[in-house]
Amino acid sequence: MSQAPENNPLDFSQLPLSPATLANLTQLGYTAMTPIQAASLPVALLGKDLIAQAKTGSGKTAAFALVLLANLNARRFAIQTLVLCPTRELADQVAQEVRRLARAEDNIKTVTLCGGVPMRMQNASLEHGAHIVVGTPGRILDHLQRGTLDLTALNTLVLDEADRMLDMGFLDDITTVVKQCPKERQTLLFSATYPDGIDKIARQFMREPQQITVAAQHTESLIEQRFYEVTRANRLSTVALILNHFRPVSTIAFCNTKQQCRELVALLQAQGFSALALYGELEQRERDQVLAQFANRSCSVLVATDVASRGLDITQLEAVINVDISPDAEVHVHRIGRTGRAGESGLALSLASLDEMGFVGRIEQYQNRESDWHTLDELTPTGSGRLLPPMVTLQILGGRKEKIRAGDVLGALTGDAGFTREQVGKIHVTDFCTFVAVDRAIAHDALERLNNGKVKGKSVKVRFVG
Ligand code: ADP
Ligand code: MG
């Protein structure tokens, strides 16, 4: 990074972006383009269709968000972009990133349309006018069929996590939705892998798409992989031994079944760990809360199934535990790829019983390396006392509908309440409530002062979560 910006091919200022957008990127700490951004933005900003493939966490969202924003006329109150995502979590994450990147310009409105929220609430948001819609194929289709969504002014269509949408059986819904988009448009397709179905979509819906692939970087070397042999009887208690030995701040523990997730969470909670489960059948509100608590470091362990955790953007993850070995070697590699991101080192700890040794063999073949086996008696407790997360989550009963923004909450805590910026963690505003993480040491004070003070001039109710 010692090169002068004008000579650095990874500098955003090489791109035809507005000064306000460039300034906003700097503010966001986006000092250089990621490889997929550097490969796709110059082409996509020329208006070309694009198929871009790069692994999770490589910055694909900004790679399309900057393009759709460049295509957008903020003064025209019509939907100009549609982003299709496989799940509500992913749609929320994309919408958040789009909003952050859009704040360089005034009044760009982004609406998410996903299942699990009453249609009439979404209709109300749409009636207020929106520029960008992010949603899941099923719900978008519902709106189109009821005539509550008008795509005639659309100029950019994004298919995000296209491989995942195909896995989930959304091909027909996507086809129907795309047929209702204007033919004159730019189509951008992003995917972590490149299964056959994608070619089919590309041939049907895209115009001479440029194909860009950023090979998976070999971050594997930063991930330390260890295997432990367990039995049915000691598998779950070994997870606790691992946590007490390595004391990772944030861990995802992957289980192959929901039942296993439930049992592990119960065991960990009984032993005083801060652990939460994430699996398919949770109610949306519970899922949001679990994810907020884990992402803001007020929960130590997220116990998850593969499906439920797909695509989650959690940047700081010290450890991944494979409580069960995945029968699919590619899934195993995806799981462990969640740690050791962005140059940080990570731990991937896998528990295998004798009947899973065949799966371990497949993983060895797939990764082309031998497993590093360790014994359970190495797992001695370290550190002092219970493993506690560094942060605590407070829930403010009031969110986007009450026009609360993250800045208001930060302002309330660092202003009248007198805390420092460093004592406040992630702030996550949802429609009806706001989650704010604060340093464990000030949690009780912060709760009291927020309850007795004001956010955006109004009294609020605040409680602990978890
Ligand atoms: P993907 O969609 O490829 O899985 P995301 O778009 O979710 O990845 O990006 C992963 C993380 O990287 C996000 O937290 C995002 O804010 C961050 N990020 C994206 N681009 C940059 C950049 N150029 N510099 C720094 N951070 C970035
Ligand atoms: Mg993504």
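Just so it is clear, the structure is predicted and the values come from calculations on it, not from any experiment.

1. Re the overall build of the chain
And step 1. What the chain contains, in helices and strands, is 17 helices and 20 strands.
And step 2. Against the globule reference of 23 Å for 466 residues, the chain gives a C-alpha radius of gyration of 23 Å, in line with a compact fold.
And step 3. Taken along its principal axes, the extent of the C-alpha atoms in the chain is 65 × 60 × 50 Å.
And step 4. Burial status across the chain gives 52% buried among its 466 residues.
And step 5. Within the chain, contacts between residues separated by at least 24 positions form 75% of all contacts whose residues are at least 6 apart in sequence.
And step 6. With an accessible surface of roughly 21500 Å², the chain has 49% of that area assigned to carbon and sulfur atoms.
And step 7. The averaged location of the 51 negative side-chain charges in the chain is 7 Å from the averaged location of its 49 positive side-chain charges.

2. Some remarks on the sheet that holds strand β7 (residues 210-213)
And step 1. What the seven strands build is an open sheet, ordered β3-β4-β2-β5-β6-β1-β7; its pairing is parallel. Each end of this open sheet is capped by a strand with a single partner; those strands are β3 (110-113) and β7. Direction aside, neighbouring strands of the sheet carry axes that sit 15° apart on average.
And step 2. The sheet contact formed by strand β1 (residues 50-53) and β7 spans four bridges and is parallel. Bridging across to β7, Gln-53 finds its partner in Thr-213.
And step 3. Seen against the sheet, helix α3 (residues 60-70) touches β2 (81-84), β4 (132-135), β5 (156-159) and β6 (186-191) and runs at an angle of roughly 170° to β6.

3. So, the packing of helix α14 (residues 329-336) against helix α15 (residues 357-367)
Packed helices, taken two at a time, are described by the angle between their axes plus the distance between the axes.
And step 1. Between α14 and α15, whose axes approach to 9 Å, the crossing angle comes to 70°. Classified by the angle between their axes, α14 and α15 sit roughly perpendicular to one another. Residues Ala-329, Glu-330, His-332, Val-333 and Ile-336 of α14 touch α15, and the partners they reach there are Arg-362, Ile-363, Tyr-366 and Gln-367.
And step 2. Looking at side-chain class alone, the contact of α14 with α15 contains five nonpolar, two polar and two charged residues.

4. Quick look at the pairing of strand β15 (residues 391-396)
And step 1. β15 sits mainly inside the fold: six of its six residues count as buried.
And step 2. Of the two faces of β15, the one lined by Met-391, Thr-393 and Gln-395 and the one lined by Val-392, Leu-394 and Ile-396 are each fully buried.
And step 3. Across six bridges, the pairing between β15 and strand β17 (residues 434-439) is antiparallel. Residue pairing for β17: Gln-395 is matched across the bridge by Phe-435.
And step 4. Note that β15 and strand β20 (residues 462-464) share three bridges and pair antiparallel. Bridge pairing in β20 links Ile-396 to Val-462.

5. Considering the packing of aromatic side chains
And step 1. In this structure the tally under the stated criterion is two aromatic pairs.
And step 2. When the centroid spacing of 5.4 Å and the interplanar angle of 50° are considered together, the rings of Phe-227 and Trp-373 count as tilted. Placement of the pair is Phe-227 in strand β8 (residues 223-229) and Trp-373 in strand β14 (residues 373-374), with a sequence separation of 146 residues.

6. Comments concerning the domain arrangement of the chain
Reports often express the size of an interface as the amount of accessible area lost when the parts come together.
And step 1. Per the domain assignment, the segments of the chain are domain 1 (12-213), domain 2 (220-378) and domain 3 (391-464).
And step 2. For domain 1 versus domain 2, the separation of C-alpha centres amounts to 31 Å.
And step 3. Each side of the interface is counted separately: domain 1 has 13 residues, and domain 2 has 12 residues.
And step 4. A buried area of about 1100 Å², summed over both sides, lies between domain 1 and domain 2, and 43% of it is on carbon and sulfur atoms.
And step 5. Looking only at domain 1, the three residues that lose the most surface to domain 2 are Thr-56, Glu-89 and Arg-164, adding up to 45% of its buried area.
And step 6. Scanning the region where domain 1 abuts domain 2 turns up two salt bridges.
And step 7. Taking the shortest distance from any N to any O, the salt bridge between Arg-287 and Glu-89 comes out at 2.9 Å.
And step 8. Here domain 1 is connected to domain 2 by three residue pairs in polar contact (both at pLDDT 80 or more).
And step 9. Those elements that provide at least two residues to the side of domain 1 that touches domain 2 are α4 (88-102) and α7 (162-167).
And step 10. No other element matches the five residues that α4 contributes to the side of domain 1 that touches domain 2.
And step 11. A class-by-class count of the residues in the side of domain 1 that touches domain 2 yields two nonpolar, four polar and seven charged.

7. What about the pairing of strand β10 (residues 275-278)?
And step 1. Of the two faces of β10, the one lined by Ala-275 and Ala-277 and the one lined by Leu-276 and Leu-278 are each fully buried.
And step 2. By the bridge criterion, four bridges tie β10 to strand β11 (residues 301-304) in an arrangement that is parallel. The residue of β11 that forms the bridge with Ala-277 is Val-303.
And step 3. The β-α-β motif built from β10, the intervening helix α12 (residues 284-295) and the parallel element β11 has right-handed crossover chirality.

Parameters and conventions
Residues numbered from 1 in each chain as written. Chains lettered and ligands numbered in written order. Predicted model: local features only at pLDDT ≥ 70, side-chain atom pairs only at ≥ 80, totals over all residues. Heavy atoms only, no water. Helix = DSSP H or I, 4+ residues; strand = E, 2+ residues; numbered from the N terminus. Rg over C-alpha atoms; globule rule 2.2 N^0.38 Å. Buried < 20%, exposed > 50% of the residue type's maximum accessible area, 1.4 Å probe, protein only. Contact = heavy atoms within 4.5 Å. Areas by Shrake-Rupley, 256 points an atom, 1.4 Å probe, with all protein chains shown as cover. Lys, Arg positive; Asp, Glu negative; His and termini not counted. Charge placed at Lys NZ, Arg CZ, Asp CG, Glu CD. Pairing = 2+ DSSP bridges. Axes fitted to C-alpha atoms, helices over the stretch in contact; angles between N-to-C directions. Parallel < 35°, antiparallel > 145°, perpendicular 65-115°, else oblique. Nonpolar A, V, L, I, M, F, W, Y, C, P; charged D, E, K, R; others polar. Phe/Tyr/Trp six-rings, centres within 6.5 Å; stacked < 30°, edge-to-face > 60°. Domains from an automatic or database assignment. Buried area = accessible area lost by both parts, 1.4 Å probe. Salt bridge = Lys/Arg side-chain N within 4 Å of Asp/Glu carboxyl O. Polar contact = N/O pair within 3.5 Å; in protein donor to acceptor, adjacent residues only side chain to side chain. Right-handed = clockwise from strand over helix to strand, strands pointing away.

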